[in-house]
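An overview of the molecular structure
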Amino acid sequence: MATLSMAFSSLSMSCQKKTNLSSRTTFSVSVSRPQQCKIDTTIQAGKLKTCKAASKRFRVTGTGKVIRRRPMKQHMLEKKSASRCHRLEGFVSIDNGDYNNIIGQMPHAGIKKPGNQKKCTK
């Protein structure tokens, strides 16, 4: 049994030669169209990535608050008084209006908005 295959631009054609015992030769030809491609129409959103500059400037506490360092304590400390330098030490929480910006820059940090944070009860 011999098989002949031919492919055209949009059709595929196959021909098979069959030989019977009575020395008759028959051909069977089958023409088939290729199946149409399925197009995936789902659109994937981009990955939520952390802004590395924001992750180095802000910290998230265990209750979900965001804290930052106070500015003006990096250089030229000779002209600043000791009480001013002590006041600039430590961390402070960010303002309520800045939470949406910080959540956008650090999406996986576990930040909770001010109304949703745990209250400390002592």
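In this report, we go over the structure that sits alongside the text. Throughout this description, residue numbers start from 1 for each chain and increase along the sequence as written. Where totals are concerned, whole chains, interfaces and linings use all residues; where local detail is concerned, this predicted model gives features only for residues with pLDDT of at least 70, and gives and counts side-chain atom pairs only at 80 or more. Hydrogens are left out, water is left out, and the side-chain values use all remaining heavy atoms of the structure.

**Observations regarding the overall build of the protein**
To qualify as a helix, a DSSP run of H or I must reach at least 4 residues; to qualify as a strand, a run of E must reach at least 2; elements of each kind are numbered from the N terminus. When helices and strands are counted, the protein shows three helices and six strands. For the protein, the α and β elements follow one another from N to C terminus as β-β-β-α-β-β-α-β-α. Looking at the protein as a whole, 14% of its 122 residues are labelled buried. The protein chains shown are the only cover counted for residues, whose accessible areas, like all others here, come from Shrake-Rupley with a 1.4 Å probe. When the accessible surface of the protein is split by element, carbon and sulfur atoms take 52% of a total near 10,800 Å². Only protein chains enter the accessibility calculation, which uses a 1.4 Å probe; a residue whose area is less than 20% of its type maximum is buried, one above 50% is exposed, and one in between is partly exposed.

**Concerning the pattern of salt bridges**
Only one rule defines a salt bridge in this text: a Lys or Arg side-chain nitrogen within 4 Å of an Asp or Glu carboxyl oxygen. Within the structure shown, the criterion is met by one salt bridge. The salt bridge involving Lys-73 is made with Glu-89; its shortest N-O contact spans 3.6 Å. Within this pair, whereas Lys-73 is found in the loop between strand S5 (66–69) and helix H2 (82–87), its partner Glu-89 is found in the loop between H2 and strand S6 (91–93), the two being separated by 16 residues in sequence. A relative accessible area of 43% places Glu-89 in the partly exposed class.

**Examining the sheet that holds S6**
Criterion used throughout: strands pair if DSSP finds at least two bridges between them. One open sheet accounts for three strands, arranged S4-S5-S6; its pairing is antiparallel. On the outer flanks of this sheet lie strand S4 (58–60) and S6, each paired with one strand and no other. Direction aside, the axes of adjacent strands within the sheet are offset by 35° on average. Sheet analysis places S5 next to S6, joined by three bridges and oriented antiparallel. Fitted lines through C-alpha atoms serve as axes, helices being fitted only where they are in contact, and the angles separating the N-to-C directions of these axes extend from 0 to 180 degrees.

**Quick notes on the pairing of S5**
One ladder, built from three bridges, connects S4 with S5; its direction is antiparallel. For Arg-59, the partnering residue across the bridge sits in S5 and is Ile-67. Between S4 and S5, which pair antiparallel one after the other, the connecting turn spans five residues, and Gly-64 there sits at a positive phi close to 100°.

**Quick look at unusual backbone geometry**
The phi torsion at Met-72 lies on the positive side, around 75°, for a residue other than glycine. With respect to the helices, strands and loops of the structure, Met-72 is situated in the loop between S5 and H2.

**With respect to the side chain of Lys-80**
The residue Lys-80 is located in the loop between S5 and H2 in this model. No salt bridge is formed by the buried Lys-80; the nearest opposite charge belongs to Glu-78, separated by 11 Å. Residue contacts are defined here by distance: any two heavy atoms, one from each residue, within 4.5 Å place the two residues in contact. In this structure, Lys-80 is in contact with Met-72, His-75 and Cys-85, ignoring residues within four places of it in sequence. Charged residues are defined here as Lys and Arg on the positive side and Asp and Glu on the negative side; His and the ends of the chain fall outside this count.

**Looking at a positive patch on the surface**
Without a salt bridge and with relative accessible area above 30%, a residue can belong to a patch; like charges are then joined within 9 Å and nonpolar side chains (Val, Leu, Ile, Met, Phe, Trp, Tyr) within 5 Å. One atom stands in for each charge, and that atom is NZ of Lys, CZ of Arg, CG of Asp or CD of Glu. On the surface, Arg-70, Lys-79, Arg-84 and Arg-87 cluster together to form a positively charged patch. With respect to the secondary-structure elements, Arg-87 resides in helix H2.

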